[in-house]
Amino acid sequence: MPLRRIAGGPLIRPGDLPDLPPDLVDVSSVFNPGAARIGGEVVLLLRVQTRGRETFLLRATGREGFGPFAFDGAPVRLAGIEALPGRVHHVYDPRLTRLEGDWYCMVAVDIDDGCRLGLARSRDLAAFEWLGLVSRDDTRNGVLFPEKVGGRYLRLERPNRVVASGEPPTGDTIRLAASDDLLDWKPVATVLRGRPHSWDERIGPGPPPLKTRAGWLLVYHGVATHFGAANVYQAGAALLDLADPSRVLARSRRNFLEPRESWERVGQVPNVVFPTGLLADAEDADGCAPPDAGVLLYYGAADTCVGLATGTVADLLDACAD
Ligand code: BMA
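Residues numbered from 1 in each chain as written. Predicted model: local features only at pLDDT ≥ 70, side-chain atom pairs only at ≥ 80, totals over all residues. Heavy atoms only, no water.

A.B. asks: Explanation requested: the packing of aromatic side chains in the structure shown.
C.D. replies: The full count for this structure, using the stated rule, is 4 aromatic pairs. A ring pair is formed by Phe 145 and Trp 216, whose centres lie 5.0 Å apart and whose planes are at 85°; its orientation type is edge-to-face. With Phe 145 in the loop between β11 (139-144) and β12 (153-159) and Trp 216 in strand β17 (residues 215-224), the pair connects residues that are 71 residues apart, well separated along the chain. Of the two residues, Phe 145 and Trp 216, both sit in the buried class. Consider the rings of Trp 263 and Tyr 299, whose centres lie 6.4 Å apart with planes at 20°: the pair is stacked. A residue pair is termed long-range when its members are at least 10 positions apart, and Trp 263 in helix α1 (residues 262-265) and Tyr 299 in strand β21 (residues 294-301) qualify at 36 residues. Using a relative accessible area of 0% as the deciding quantity, one classes Tyr 299 as buried. Between the NZ or CZ atom of Lys 148 and the centre of the ring of Tyr 153, over which it lies, the distance is 4.7 Å. (Phe/Tyr/Trp six-rings, centres within 6.5 Å; stacked < 30°, edge-to-face > 60°. Helix = DSSP H or I, 4+ residues; strand = E, 2+ residues; numbered from the N terminus. Buried < 20%, exposed > 50% of the residue type's maximum accessible area, 1.4 Å probe, protein only. Lys NZ or Arg CZ within 6 Å of the ring centre and 35° of its normal.)

If you want it as structure tokens, here you go:
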């Protein structure tokens, strides 16, 4: 296992959250956080679910990223999202990217018609301005690259389609899409496909890609369906070409993180590790994280808690070649 879980169990459990009436009282779960480093602190945007199965985003701040965390006194507001027509059921799984001096938060948005990607912008990760829905079709797991590549903004995403009758739409491809304005996106290429019978039959991007000299390092989640008997969510890695991220340079044959701890195996949705935040503690003048940089990988565990695994960039690069 190239990354190591921190000692002492999950990083954040539901019971760690303070009661924040009226919305957050004795919450059911806290998971799938977006992660960012800002002003020497680690900021997590936590997905919090209530006993009413309502979803909120809550900001947590900590010095080293290992906790303890200070929680905001109220859930995050995405100012302007109220203008969306129709009902918004859930806004969730935030992914945070620093791009051209601003923070961008890509979220999944459940509406009557399925799931869309949504985008918000922030200067400080405290106040957010809603920019709109940014996928036409049913899509989840959108992750923005931290810079333009070939003159265009890029993101990886997971188009959803119905794979089995009666099941919600899901996906077995990771696709590259491009945009000139961050709002209107066109698919460019399918980058990765699920591997039938392997650990990653269905797949989706995890945290936003991390720039390294060797290529864009992508941690992704893979789902083994076990012929419909159980879905097990695991994490693996792939390396994409820096100049043309539709080119896959390496991809892990095995997962490097899978549900093993009791709190990863038991919870609201059992057998889930779902990585959504990856932070490196150093970068060079070109924005590349060097191999010896330390990494913090934040993930949702069993859709109930937040886990943290640590290692180095080199560990993740090794995992791609494994
Ligand atoms: C995925 C997403 C995630 C969730 C995971 C496991 O499809 O909905 O938000 O953590 O399933 O339930």
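A.B. asks: How do you make sense of the pattern of salt bridges when you look at a structure like this?
C.D. replies: Two side chains bearing opposite charge may form a pair once their charged atoms approach each other closely. The tally for this structure, following the rule as stated, stands at 22 salt bridges. Between Arg 59 and Asp 72 there is a salt bridge, with the nearest N and O atoms lying 2.9 Å from each other. Linking Arg 59 in strand β4 (residues 55-62) with Asp 72 in the loop between β5 (70-71) and β6 (78-79), this pair joins segments that are 13 residues apart in sequence. Arg 59 gets classed as buried once you look at its relative accessible area, which sits at 17%. (Salt bridge = Lys/Arg side-chain N within 4 Å of Asp/Glu carboxyl O.)

A.B. asks: So what exactly am I meant to see when it comes to the nonpolar core here?
C.D. replies: In summary, soluble globular proteins display a tendency toward joint burial of nonpolar side chains. Counting 25 residues, the largest nonpolar core has Leu 210, Phe 256, Val 295 and Leu 316 as the members making the most contacts within it. Put simply, the parts of the chain that give this core at least two residues each are β17, β18 (232-240), β20 (273-280), β21 and α2 (313-321). No other element matches α2, which puts 5 residues into this core. Each residue touching Leu 316, except ones within four places of it in the same chain, is listed here: Leu 3, Leu 217, Val 219, Ala 237, Phe 256, Leu 278 and Val 295. Ile 6, Leu 24, Leu 296 and Val 306 belong to the second largest nonpolar core, which has 22 residues in total. (Core = buried A, V, L, I, M, F, W, Y, C linked by side-chain atoms within 4.5 Å. Contact = heavy atoms within 4.5 Å.)

A.B. asks: In this structure, what is going on with the site of the ligand? I would like to understand it.
C.D. replies: All residues in the neighbourhood of the ligand are listed as Asn 32, Arg 47, Asp 93, Tyr 233, Val 269, Val 272, Phe 274 and Asp 303. In the model, an oxygen atom of the ligand is placed 2.9 Å from a nitrogen or oxygen of the Asn 32 side chain. Between an oxygen atom of the ligand and a side-chain N or O atom of Tyr 233, the distance comes to 3.1 Å. If the ligand stood free it would expose 300 Å²; the protein chains cover 84% of that surface. In the shell around the ligand, the residues fall into 4 nonpolar, 1 polar and 3 charged. (Near = heavy atom within 4 Å. Polar contact = N/O pair within 3.5 Å; in protein donor to acceptor, adjacent residues only side chain to side chain. Areas by Shrake-Rupley, 256 points an atom, 1.4 Å probe, with all protein chains shown as cover. Nonpolar A, V, L, I, M, F, W, Y, C, P; charged D, E, K, R; others polar.)

A.B. asks: Hey, could you run me through the environment of Ala 289 in this one?
C.D. replies: Among the secondary structure elements, Ala 289 is positioned in the loop between β20 and β21. Spatially, the C-alpha atoms of Ala 289 and Ala 214 are 9.8 Å apart, while their sequence positions differ by 75 residues. Every residue in contact with Ala 289, bar those within four places of it in the chain, is listed here: Leu 210, Lys 211, Thr 212, Ala 280, Ala 282, Glu 283 and Val 313.

A.B. asks: Quick question: what am I supposed to make of the pairing of strand β3 (residues 41-49) here?
C.D. replies: The two faces of the sheet receive side chains in turn, since in a regular strand these alternate between them. Counting buried positions along β3 yields 8 of 9 residues, so the element is predominantly enclosed. As defined by bridge partners, strand β2 (residues 29-38) adjoins β3 across 8 bridges and the pair is classed as antiparallel. Paired with Ala 35 across the two strands is Leu 44, which belongs to β3. Between the antiparallel neighbours β2 and β3 lie 2 residues, among them Gly 39 with a positive phi of about 50°. As paired elements, β3 and β4 share 8 bridges and run antiparallel to each other. Directly across from Leu 46, in β4, lies its bridge partner Leu 58. In this structure, the hairpin formed by β3 and β4 is closed by a connection of 5 residues, where Arg 53 is found at a positive phi of approximately 55°. (Pairing = 2+ DSSP bridges.)

A.B. asks: Can you help me understand the side chain of Asn 255 in this one?
C.D. replies: Considering the arrangement of structural elements, one finds Asn 255 in the loop between β19 (248-251) and α1. Using a relative accessible area of 17% as the deciding quantity, one classes Asn 255 as buried. A distance of 3.3 Å separates a polar atom in the side chain of Asn 255 from the backbone nitrogen of Leu 257. Asn 255 has contacts with Trp 199, Gln 234, Ala 235 and Gly 236, leaving out every residue within four places of it along the chain.

A.B. asks: Can you walk me through the sheet that holds β6 in this structure?
C.D. replies: Sheet strands pair by backbone hydrogen bonding; their relative direction is either parallel or antiparallel. Here 5 strands make up an open sheet; going across it, the order is β6-β10-β9-β8-β7 and the pairing mixed. The sheet is open, and its two edges are formed by β6 and β7 (88-99), each paired on a single side. Sheet analysis places strand β9 (residues 114-122) next to strand β10 (residues 128-133), joined by 4 bridges and oriented antiparallel. Pairing of Leu 119 across the sheet is with Gly 132, part of β10.

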